[in-house]
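# Fold and geometry: a report
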Amino acid sequence: GSWHSAVLLFFVLGIIYVLVRSGLRAVRHTNALQILTRLSQNHSGYGDIDRDVVVLDSQAPAAFSAGIFLPRCYVTTGLMEQVSETELGIILDHERAHIRHKDTQKKLLFSLFASLYSKPVARGLNRLFSLASEQRADAQVCTSYVNFDIAQTVVKVARLQRCFAGNLHPAMVSHFAEDDIDLRIRALVFPERSQL
């Protein structure tokens, strides 16, 4: 009897705690993105940048997609100044693929369920999910660009980002060059082997 009720109550309270904590994190994340968007630059000086891209005035080289209700692509001036037009096209197409696949929302939901496991298990599950969404976005970009060019762009951006650390919550953001670079490069350069 009563110990079953106690265990069930403890489990329900734990789930409520995880949901409330994740909800508060999502609200803080959404507020931070609204502030970033308000502080963003006018894109008129950046040629082919569409309205779905938020240009952030920062020397930190970064590109990511984020947002829960209205996800958008974000790119910094620090990255735009250090990549070619083709590389920027690859980066933005990759981020748009995340938005088309609703990866920012899926990543948040997945991390919510993963948080029911121990921290090491949750971290591993989130890492695998993130890698899968990055590889799917890379595969989408392969329909418009050469695999080798995409791989080179991923490596270049990863090198540029090595000195900078972001402060947005990883469960709510899909960064261009942050997750398992070596596995992504292998899948791009040797696609037939990655299917095995």
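It should be emphasised that the depicted structure is a prediction, and the values quoted were computed from it without experimental measurement. (Residues numbered from 1 in each chain as written. Predicted model: local features only at pLDDT ≥ 70, side-chain atom pairs only at ≥ 80, totals over all residues. Heavy atoms only, no water.)

So, on to the packing of helix 4 (residues 103-114) against helix 5 (residues 119-141). The axes of two packed helices give the description: the angle between them and the distance between them. Between helix 4 and helix 5, the shortest axis-to-axis distance is 9 Å and the interhelical angle comes to 160°. When the interaxial angle is binned, helix 4 and helix 5 end up roughly antiparallel. As for the relative orientation of helix 4 and helix 5, their crossing is right-handed in sense. Within the contact between the two elements, helix 4 uses D103, K106, K107, F110, S111 and A114 and helix 5 uses A122, L125, N126, F129, S130, S133 and R136. Its residues assigned to classes, the contact of helix 4 with helix 5 comprises 5 nonpolar, 4 polar and 4 charged. (Axes fitted to C-alpha atoms, helices over the stretch in contact; angles between N-to-C directions. Helix = DSSP H or I, 4+ residues; strand = E, 2+ residues; numbered from the N terminus. Parallel < 35°, antiparallel > 145°, perpendicular 65-115°, else oblique. Left-handed = near helix turned anticlockwise from the far one by under 90°. Contact = heavy atoms within 4.5 Å. Nonpolar A, V, L, I, M, F, W, Y, C, P; charged D, E, K, R; others polar.)

In contact at an axis separation of 8 Å, helix 3 (residues 85-100) and helix 5 are set at 120° when each is read in the N-to-C sense. Of the possible angle classes, the one that applies to helix 3 and helix 5 is oblique. The element helix 3 and its partner helix 5 pack so that their crossing is right-handed. Residues I90, D93, H94, A97, H98 and R100 of helix 3 touch helix 5, and the partners they reach there are S133, E134, A137, D138, Q140 and V141. In terms of residue class, the contact of helix 3 with helix 5 is built from 4 nonpolar, 4 polar and 4 charged.

This part takes up the pattern of salt bridges. Tallied over the full model, the rule gives 6 salt bridges. Linking E134 and R184 is a salt bridge whose minimum nitrogen-to-oxygen distance equals 3.7 Å. Residue E134 is located in helix 5, and its partner R184 is located in helix 7 (residues 181-189); the two are separated by 50 residues in the primary sequence. There is no split in this pair, since E134 and R184 are both buried. Put simply, R184 and D138 hold a salt bridge, and the shortest N to O gap is 2.8 Å. Taken together, the residues R184 in helix 7 and D138 in helix 5 connect sequence positions 46 residues apart. Take D138: its relative accessible area is 2%, and that puts it in the buried class. A cluster of three or more residues bridged by salt bridges with shared partners is formed by E134, D138 and R184. (Salt bridge = Lys/Arg side-chain N within 4 Å of Asp/Glu carboxyl O. Buried < 20%, exposed > 50% of the residue type's maximum accessible area, 1.4 Å probe, protein only.)

This part is about the nonpolar core. Counting residues in each nonpolar core, the largest one holds 23 residues, and the members touching the most others are V75, L79, I91 and F176. The set of elements that each furnish at least two residues to this core consists of strand 1 (53-56), strand 3 (72-76), helix 2 (77-80), helix 3, helix 6 (147-161) and helix 7. Of the residues forming this core, the biggest block, 6 residues, is contributed by helix 6. Other than its neighbours up to four places away in sequence, L79 contacts A60, P61, A62, A63, I91, V157 and L160. Formed by 5 residues, the second largest nonpolar core is a distinct cluster that contains L56, F64, A66 and Y74. (Core = buried A, V, L, I, M, F, W, Y, C linked by side-chain atoms within 4.5 Å.)

Attention now moves to a nonpolar patch on the surface. Together, L8, L9, F11, V12, L13, I16, V20 and L24 give the surface a local cluster of nonpolar side chains, amounting to about 760 Å² of exposed area. Considering the arrangement of structural elements, one finds F11 in helix 1 (residues 2-38). In this structure F11 comes out as partly exposed when scored by relative accessible area, which is 49%. (Patch = residues over 30% accessible without salt bridge, like charges linked within 9 Å, V, L, I, M, F, W, Y side chains within 5 Å. Areas by Shrake-Rupley, 256 points an atom, 1.4 Å probe, with all protein chains shown as cover.)

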